[in-house]
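The chain contents come next:
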Amino acid sequence: MERLKNQRLMLGLASLGAMVLSYTLLSHSHLLRPEIVPPAREIAVAFTELVVGTHPPPPMEGDVHAGHQMHSSDHVGTLLQQGVTLQGSLAITAARVLFGLAAGVPLGILLGLLMGFSRRADDYLHPIYVLLRSVPPLALITYVMLWLGHSEAHRLIPIVYAVAATMVIPAYHGARDVLGTYVLAARSLGARRWLLIRKVLVPAAGPTVLAGLRYAVAIAWMTAVGSEMLMSENGMGNLIVGGGLWASRTQTKADPAVVIVGIVALATAGWAMDALAKAGTARLTRWVR
Amino acid sequence: MLPRNKKNNFFSGPGIRTRTARGLLSLGALAIVYGVAAEIGRGRLPDRIWLGTHYVENVQLLPPYGSLAEEAVFLLQSGILLSSIAVSAGRVLLGFMLGAAFGILLGIATGRATRAEYLADPWVTFFRFTPALALLPLFVLWFGYGEGSKVLLIAASVAVVTLLGAHQGVRSVPRVYLEAASALGASPGLAFRKIVLPAALPHIFASLRIGLGLAWVTIVVAELIDARMPSLGYLLTLAGAYPRVPTMVVGIATIGALVLAFDLLALAVHAQATRWMRRTA
């Protein structure tokens with residue numbers, strides 16, 4: 001077991017190292033244009049600039065051309081002018097994700113439980129749910145904007161919608177697939193509503209619902225970033241596309257170094273949130289095992 | 001409608017007829033509510049809307065059925081809608097097939113060989129938590145505007161999902177089966193074909209279905225962000241620029257209908273491919 005764990009670590013590190021090495025070689029080989037595959041150093045520069053929030057001290061007037069290695073792109077410049085930092089953008093996006101989860105998860109779970117418990121509600125609501133679920137939330141964004149104007153609400157609604165639509169499914173199956181014998185047994189032993197819900201239905205449906213929660217977290221990040229790329233002045237989506245995409249689509253050109261920094265930050269944040277959800281889930285469903 | 005698991009159904013409920021009637025009733029009620037709301041809203045809802053930088057005029061927030069039908073007929077007759085559908089669906093299918101092929105092969109490999117899993121693990125984890133849409137600007141730089149970046153973006157998002165599905169599927173095969181097969185003298189190839197693949201199939205199909213949904217989400221946004229050629233995202237972008245709500249609603253409805261149709265198709269294929277699993281208990 002210990003040996004396997006070691007091997008896992010070694011091989012994982014080796015594969016990471018090989019990737020970094022081959023990337024460095026490739027970006028220095030001049031086989032590909034550096035504006036497409038930025039050298040690792042440029043990515044590091046973009047990262048520090050975006051975290052610190054300022055350019056490094058400007059080079060002397062004389063050696064502007066000589067100071068080529070202190071290159072920082074228009075993309076970074078535009079972002080810094082707007083006072084954008086990496087951690088700030090990440091915090092904004094994370095806040096939107098959390099809001100989407102806070103509003104969408106209860107909504108989706110309630111609808112799913114309702115349809116799962118009551119066959120009548122299922123008959124009436126399921127067709128409508130299937131129709132609503134089929135529409136990608138981000139396709140709605142322009143229409144929602146007409147109703148709500150260019151505001152925070154129209155960025156949040158697609159996230160809430162996506163999360164809720166995702167959470168319905170595990171809640172529905174969790175509730176529907178509770179073994180009938182459990183319910184019957186509890187009932188015949190005299191368990192009524194509240195007791196039945198607390199002692200039978202929640203423990204039986206809980207694990208499925210919580211497993212769906214992890215999927216909803218990923219969906220929420222995806223939708224948040226997408227809606228920010230489409231129309232937002234802040235957040236990670238905006239950082240990646242270089243600001244004001246909706247208004248001035250072609251004016252700013254994305255710098256791959258910034259995009260890569262953004263992607264790595266998003267992946268790390270998503271991973272961290274998933275690890276949290278996983279740990280929370282494991283703790284909440286300790287009794288499963 | 002979804003058939004209920006017979007085992008769980010102690011109180012045998014109303015039959016399929018009642019259930020269909022109920023579904024139709026609620027859909028009909030929804031359609032009527034919309035029609036009434038559109039009629040009431042006509043002339044009452046604001047038609048001049050502030051969009052942060054400028055006003056837009058003549059907006060029908062809730063277009064009545066008449067103008068929706070008119071718009072749909074226009075879009076159909078001019079061929080815009082059909083060519084948009086063809087372009088978007090073509091991208092989805094191509095990207096989906098590329099991504100699924102890559103993801104399933106890699107997933108089977110990582111499921112079968114522990115070393116491959118360890119090697120792939122950091123990358124799978126990385127791409128799993130990267131929102132696929134964030135890759136778009138990078139893909140546009142690398143593969144250019146146009147088809148390449150969009151198809152590959154879809155492929156990337158589908159590949160991650162199917163890889164995880166195939167991996168889990170291969171891992172879920174009980175070890176006893178494999179040991180029994182090899183004890184009976186089955187070659188690794190035969191064991192793979194007859195045991196691993198069939199057992200992994202449900203997982204793979206489930207992931208394919210998720211991947212298909214994801215592919216549609218991805219393509220719509222990719223086309224919204226880089227709206228050039230006739231496509232459904234382009235149609236929505238144009239409609240948003242004017243803004244023409246009937247076009248928007250027809251576009252959204254078309255996308256929804258396509259997603260639904262693809263999903264039903266995937267379900268049907270899944271049911272057909274795993275027929276043998278149905279037991280008569």
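Rules used in this analysis
- Residues numbered from 1 in each chain as written.
- Chains lettered and ligands numbered in written order.
- Predicted model: local features only at pLDDT ≥ 70, side-chain atom pairs only at ≥ 80, totals over all residues.
- Heavy atoms only, no water.
- Buried < 20%, exposed > 50% of the residue type's maximum accessible area, 1.4 Å probe, protein only.
- Helix = DSSP H or I, 4+ residues; strand = E, 2+ residues; numbered from the N terminus.
- Domains from an automatic or database assignment.
- Polar contact = N/O pair within 3.5 Å; in protein donor to acceptor, adjacent residues only side chain to side chain.
- Contact = heavy atoms within 4.5 Å.
- Axes fitted to C-alpha atoms, helices over the stretch in contact; angles between N-to-C directions.
- Parallel < 35°, antiparallel > 145°, perpendicular 65-115°, else oblique.
- Nonpolar A, V, L, I, M, F, W, Y, C, P; charged D, E, K, R; others polar.
- Buried area = accessible area lost by both parts, 1.4 Å probe.
- Salt bridge = Lys/Arg side-chain N within 4 Å of Asp/Glu carboxyl O.
- Core = buried A, V, L, I, M, F, W, Y, C linked by side-chain atoms within 4.5 Å.

A.B. asks: Explain helix α6 (residues 141-148) of chain A to me, please; I cannot follow it from the model alone.
C.D. replies: Note that an α-helix has 3.6 residues per turn; residues three or four places apart therefore point the same way. Residues and elements named next belong to chain A. Across the eight residues of α6, six count as buried, placing the element largely inside the fold. Along α6, the residues classified as buried are I141, T142, Y143, V144, M145 and L146. Just downstream of α6 lies G149, where phi reads positive at about 75°.

A.B. asks: Looking at this structure, I do not really get the domain arrangement of chain B. What am I missing?
C.D. replies: Reports of interface size often rely on the accessible area that becomes lost once the parts have come together. As far as domains go, chain B holds domain 1 (16-59) and domain 2 (79-273). Inter-centroid distance (C-alpha atoms) of domain 1 of chain B to domain 2 of chain B is 33 Å.

A.B. asks: Teacher, can you tell me more about the side chain of D122 of chain A here?
C.D. replies: Positionally, D122 of chain A belongs in helix α5 (residues 119-134). Engagement of the side chain of D122 of chain A in a polar contact is seen with the side chain of Y172 of chain A, the distance being 2.8 Å.

A.B. asks: Looking at this structure, how should I read the side chain of E223 of chain B?
C.D. replies: Residues and elements named next belong to chain B. For E223, the location among the structural elements is in helix α8 (residues 188-225). Note on E223: relative accessible area 1%, which makes it buried. Setting aside anything within four residues of it in sequence, one finds E223 in contact with S88, R91, K150, S231, L232, G233, Y234 and T237.

A.B. asks: What is the right way to read the packing of helix α3 (residues 80-112) of chain B against helix α4 (residues 114-128) of chain B from this model?
C.D. replies: Packed helices, taken two at a time, are described by their axes: the angle between them and the distance between them. Residues and elements named next belong to chain B. For the pair α3 and α4, the least separation of the axes is 5 Å and the interaxial angle reads 120°. Judged on the interaxial angle alone, α4 and α3 are oblique. Across from A109, T110 and R112 in α3, the residues of α4 making contact are T114, A116, E117 and A120. When grouped by side-chain class, the residues that make up the contact of α3 with α4 number three nonpolar, two polar and two charged.

A.B. asks: Looking at this model, I keep getting lost on the interface of chain A and chain B. Mind explaining?
C.D. replies: Opposite the 69 residues of chain A that make contact, chain B presents 68 residues. Interface of chain A and chain B: buried area, both sides summed, is about 6200 Å²; carbon and sulfur atoms make up 73% of it. Viewed at the interface, chain B and chain A are joined by four salt bridges. Scanning the region where chain A abuts chain B turns up seven residue pairs in polar contact (both at pLDDT 80 or more). Element by element, the count of residues in the side of chain A that touches chain B is highest for α5 of chain A, at 12 residues.

A.B. asks: What's the story with the nonpolar core in this structure? I'm lost.
C.D. replies: Soluble globular proteins tend to pack their nonpolar side chains together in the buried interior. Core analysis: the biggest nonpolar cluster contains 109 residues, and L101, V163, W221 and L239 of chain A together with W216 of chain B have the highest contact counts within it. Broken down by element, the residue count for this core peaks at 18 residues, all from α8 of chain B. Of the residues that make up this core, three or more belong to each of domain 1 (16-59) and domain 2 (79-273) of chain B. Leave out the neighbours within four places in its chain, and L239 of chain A touches L50, H75, L79, V84, T85, L86, S89, V258 and G262 of chain A. Formed by seven residues, the second largest nonpolar core is a distinct cluster that contains V178, A191, L196 and V200 of chain A.

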